[in-house]
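Chain by chain, the residues:
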2 protein chains.
Amino acid sequence: MAPQGLDRRPTLADVGRMAGVSPTTVSFVLNPRSKQTISAATRARVLQAVNDLGYRPNRTAQSLRRSRTGTIGIVVDEPAMEAFAGETVNGAHDLAWSEGSVLLVTHTGRRPHGMRLAMDELADRQVDGLIVTCSGTRALELPETLPPLPLVLANAFDDTYAVPCFLPDERFGGRETARLLCAAGHRRLAYLTGHAGAWATSLRLEGFLEEVEQHGVARGDVVVREGYYYVDSGHALARELLALPDATRPTAIACGNDRMALGVYLAAAEAGLRIPEDLSVVGYDDHEPVITQLRPQLTTVRLPLYDMGRLAAEALAHGSVGQLPQRTYLPCPAVPRDSVAAAPGRHTDGRGPRVRETGRARHR
Amino acid sequence: MAPQGLDRRPTLADVGRMAGVSPTTVSFVLNPRSKQTISAATRARVLQAVNDLGYRPNRTAQSLRRSRTGTIGIVVDEPAMEAFAGETVNGAHDLAWSEGSVLLVTHTGRRPHGMRLAMDELADRQVDGLIVTCSGTRALELPETLPPLPLVLANAFDDTYAVPCFLPDERFGGRETARLLCAAGHRRLAYLTGHAGAWATSLRLEGFLEEVEQHGVARGDVVVREGYYYVDSGHALARELLALPDATRPTAIACGNDRMALGVYLAAAEAGLRIPEDLSVVGYDDHEPVITQLRPQLTTVRLPLYDMGRLAAEALAHGSVGQLPQRTYLPCPAVPRDSVAAAPGRHTDGRGPRVRETGRARHR
DNA sequence: GTGAAAGCGCTAACAG
DNA sequence: CTGTTAGCGCTTTCAC
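Remember, predicted model here, so these are calculated numbers, not experimental data.

What exactly am I supposed to notice about the protein's contact with DNA strand C here?
Taken together, 24 residues are adjacent to DNA strand C, and Leu12(A), Tyr55(A), Arg65(A), Thr37(B) and Thr42(B) come closest. Backbone sugar and phosphate groups make up 63% of those atoms of DNA strand C lying within 4 Å of the protein. Between DNA strand C and Asn31(A) there is a distance of 3.3 Å, counted from a phosphate oxygen to a side-chain nitrogen or oxygen. Within the side chain of Arg65(A), an N or O atom sits 2.4 Å from a base oxygen of DNA strand C. Put simply, the parts of the chain that give the surface near DNA strand C at least two residues each are α2 (23–30) and α4 (59–66) of chain A together with α2 (23–30) and α4 (59–66) of chain B. Counted by class, the surface near DNA strand C contains eight nonpolar, 12 polar and four charged residues.

It is not clear to me how the sheet that holds strand β6 (residues 189–193) of chain B should be interpreted in this structure. Could you clarify?
Picture the strands of a sheet paired through backbone hydrogen bonds; they go either parallel or antiparallel. Residue and element names in this part refer to chain B. Taking strand neighbours across the sheet as the criterion, the four strands line up as β7-β6-β8-β9 in an open arrangement whose pairing is parallel. Lying at the two open borders of the sheet, with one neighbouring strand each, are β7 (223–226) and β9 (280–282). If you compare each strand with its neighbour and ignore which way they point, the axes differ by 15 degrees on average. Both β6 and β7 contribute to a ladder of four bridges, which runs parallel. Each residue of the ladder has a partner; that of Leu192, found in β7, is Arg225. With respect to the sheet, helix α7 (residues 170–182) is in contact with β6, β8 (252–255) and β9, its orientation differing from that of β9 by roughly 165 degrees.

What am I meant to see in the protein's contact with DNA strand D here?
Around DNA strand D, 25 residues are found, and the nearest of them are Thr24(A), Thr42(A), Leu12(B), Tyr55(B) and Arg65(B). Near-protein atoms of DNA strand D (within 4 Å) split between backbone and bases, with sugar and phosphate holding 57%. A distance of 3.5 Å is found between a base nitrogen of DNA strand D and a backbone nitrogen or oxygen belonging to Ala61(B). The side chain of Arg66(B) places a nitrogen or oxygen atom 3.2 Å from a phosphate oxygen of DNA strand D. At the level of elements, α2 and α4 of chain A together with α2 and α4 of chain B are the ones that each hand at least two residues to the surface near DNA strand D.

Whenever I open this one, the side chain of Thr133(B) confuses me. Can you help?
Residues and elements named next belong to chain B. Mapped onto the secondary structure, Thr133 falls in strand β3 (residues 129–139). Judged by its relative accessible area of 0%, Thr133 falls in the buried class. Within the structure, Thr133 has its side chain in polar contact with the backbone oxygen of Ala154 (distance 2.7 Å). With near-sequence residues (within four places) excluded, Thr133 lies in contact with Ile74, Val75, Val76, Asp77, Thr88, Ala154 and Asn155.

I keep staring at the domain arrangement of chain A and nothing clicks. Help me out?
How big an interface is tends to be stated in terms of accessible area lost as the parts join. Residue and element names in this part refer to chain A. We note that the domain assignment places domain 1 (12–57), domain 2 (66–169 + 307–331) and domain 3 (170–303 + 333–363) within chain A. The interface of domain 2 with domain 3 comprises 13 residues on the first partner and 17 residues on the second. Taking both sides of the interface into account, the surface hidden between domain 2 and domain 3 amounts to around 1300 Å²; carbon and sulfur atoms contribute 65%. Contact with domain 3 buries area across many residues of domain 2, yet Phe84, Asp169 and Pro331 alone supply 52% of it, more than any other trio. Linking domain 2 with domain 3 are zero salt bridges, by the criterion used here. Our enumeration of links across domain 2 and domain 3 arrives at four residue pairs in polar contact (both at pLDDT 80 or more). Within the residue set of the side of domain 2 that touches domain 3, elements represented by two or more residues are α5 (83–98), β5 (165–169) and β11 (327–331). Counted by class, the side of domain 2 that touches domain 3 contains nine nonpolar, two polar and two charged residues.

Which parts of the structure should I look at to understand the relation of the copies chain A and chain B?
One copy of the chain maps onto the other through a rotation about an axis plus a displacement along that axis. Between the two copies, chain A and chain B, the superposition gives an RMSD of 0.0 Å; the rotation angle is 180 degrees and the shift along the axis is 0.0 Å. Overall, the copies show the geometry of a two-fold rotation axis. No C-alpha of chain A approaches the rotation axis more nearly than that of Leu104(A), which lies at 2.3 Å. Both copies share a contact surface, since 100% of the interface residues of chain A are interface residues in chain B too.

Explanation requested: the interface of chain A and chain B in the structure shown.
Of the residues lining the interface, 50 residues belong to chain A; the matching set on chain B comes to 50 residues. For the pairing of chain A and chain B, the buried interface totals around 4900 Å² over both sides, and the portion due to carbon and sulfur atoms is 56%. When the area that chain A buries against chain B is broken down by residue, the three leading residues are Trp97(A), Arg125(A) and Gln293(A), summing to 14%. For the salt bridge of Asp232(A) with Arg295(B), the shortest nitrogen-to-oxygen distance reads 3.0 Å. Our enumeration of links across chain A and chain B arrives at 28 residue pairs in polar contact (both at pLDDT 80 or more). Of all the secondary-structure elements, those providing two or more residues to the side of chain A that touches chain B are α4, α5, β2 (102–107), α6 (114–124), α9 (231–242), α10 (258–271) and α11 (288–291) of chain A. No other element matches α6(A), which puts seven residues into the side of chain A that touches chain B. Within the side of chain A that touches chain B, the residues separate by chemical class into 21 nonpolar, 16 polar and 13 charged.

Would you explain the sheet that holds strand β7 (residues 223–226) of chain A in this entry?
Residue and element names in this part refer to chain A. The strand order across the open sheet formed by four strands is β7-β6-β8-β9, and the pairing between neighbours is parallel. The sheet is open, and its two edges are formed by β7 and β9 (280–282), each paired on a single side. Strand-to-strand twist in this sheet, taken as the mean axis angle between neighbours without regard to direction, amounts to 15 degrees. Sheet analysis places strand β8 (residues 252–255) next to β9, joined by three bridges and oriented parallel. Its bridge partner being in β9, Ala254 is matched across the sheet by Val282. The strands that helix α8 (residues 199–214) touches are β6 (189–193), β7 and β8; relative to β6, the one it contacts most, it runs at about 170 degrees. Running at roughly 150 degrees to β8, α10 makes contact with β6, β8 and β9 of the sheet.

The rules behind these values
Residues numbered from 1 in each chain as written. Chains lettered and ligands numbered in written order. Predicted model: local features only at pLDDT ≥ 70, side-chain atom pairs only at ≥ 80, totals over all residues. Heavy atoms only, no water. Near = heavy atom within 4 Å. Polar contact = N/O pair within 3.5 Å; in protein donor to acceptor, adjacent residues only side chain to side chain. Helix = DSSP H or I, 4+ residues; strand = E, 2+ residues; numbered from the N terminus. Nonpolar A, V, L, I, M, F, W, Y, C, P; charged D, E, K, R; others polar. Pairing = 2+ DSSP bridges. Axes fitted to C-alpha atoms, helices over the stretch in contact; angles between N-to-C directions. Contact = heavy atoms within 4.5 Å. Buried < 20%, exposed > 50% of the residue type's maximum accessible area, 1.4 Å probe, protein only. Domains from an automatic or database assignment. Buried area = accessible area lost by both parts, 1.4 Å probe. Salt bridge = Lys/Arg side-chain N within 4 Å of Asp/Glu carboxyl O. Least-squares fit on C-alpha atoms with pLDDT ≥ 70 in both.

As structure tokens, then:
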């Protein structure tokens, strides 16, 4: 495929020599600019040589010259790459790739000044832009002095509003959660929250309660239990609720996240309750590693991790970071699957929960 | 911190100008080589200027000159970055970082020739070496023509034995699985396999049966059920087994992986059986997203994902790829947690399952 | 002890 | 239409 008679990568000069032209000419052939003035014959000979030698431009040299590396840096502000951040990285990767760029990925470890070290290391390699992300949505501690580079946050924000960011619209997601349940006719609802310290927690709950009222259920009638984002919390809270007599037991439980929903599944199994016939369950996150574990498949609401990464990379690739609003909120759309059924004794319109348009990004 | 009066990153020349010396001198100060001949005074002035300007070397320029980029490429041969591969990337990342390098990460997507495109894109950026990995251990289709770069596989192998690789020692892991159970006195054992097509499946089972014999249990006495690596398979298979009368029901179930173990947990909950009192369970993989979901915590066997990434990166960083054996097998060590108890009616030595030395990497 | 100069591989004026 | 030349920012040999 590339029968190069050389022991090193061929250079422009090698190609030129083989085609009997100057390196410049080769460069012109390879980088068609506006005013092309290369004869068809020369072009053909050059391309032939390029092909014969298996020539590929040295992007390091190109970068030095063009002062553009075709490289986007992404630093994950965690001790390691984690599942949630992985999705964001995927989004950034795919957009970058489609623009001919690749990703320089690092994480902050547990090092002191991890963030600054990571950013510097990437900036030194002249990345064209920088994305900072993390696993759960949160405020980031950014170094005081930022490298002079386009910078965007994904699934994270900075309290000073100095750096543009992409965030999940959690209130919207909370409303979607409620809508999935209310549209199926449920009125005895329970909501199991994640831990109160997390940025998303109160927004999800607030959205849920708002939407519930739209459906004629009083906020006060929703059984809200405070927990934390793990299986055992969902398990423990659900166990209590499911021990209630049939007449007062909630017919549907909304969970702070998918892991808690798993806990609810376990509690239901123990209580001999079937999902969704006896109990409807909605999760949150649409977190693949959990989702794939559950039968029946979990109805949930999707965190736009991939999109946050994608849009962040897009802003960098298009050089439009300057025009970005301070915060862009992306919808958390409902993902109806099999864990929600009509409330016992209720009949819905038979079309299942209506999934309304998930809407475009909102800017605030 | 870096009050540069410049609108661009300062260069060596800028530093030299400020310190009143040539760029050469600055370079000498910054790159202490064997024969240092810089006066203490000059050195001090230079470092002062470096500091004042917040100078950091341009690694693109360095790379061009030194023909070494301090960059390792890793391509994940999957449509996207996945959880298992993430661990391997973490291992490679951490080793690379400790050597002053960073990772250029990409995946092959679903593109035709994805692998070649990915490798080329990284090779063009002059990575110092290349790691190829994937999510589940398997043979890789490598392009016929490889870029002239050190290349190592992690959690993958090529059938032609042309490229060195790091692999999990699955047979060893299978033996560990059995040991955890046999040491606790279990003799009525069941083994639920993953799907037969996967490279690891038969090795795990074979190791299990081998070890079981060491403990005086005939291979034929082990109830082996063929399934696949998902929760529902573990669930379905376990449901059958747990329906058996107490006297013949297995007291312990070994699972092809952690997800199947989750299925066993669900079946146990439905059957009203407690883990580990009534049933001991062992998983495989030590896959964090699943592990963290289970109560009691799952006793399992660890896949050396992180280490495969780490060692692959180490070989590249140390330039020792040439000395690598064709295949290096890393141990899958037992991870005793809470899902294994002494077999009913048996008393063990009270120290729980003995965990023997997990051993070093074996080369074949 | 320090600096001038050449060059890594490529691009882009500017000549011819 | 094509080639010469001058760098991008850095390292390194060799001269002073």
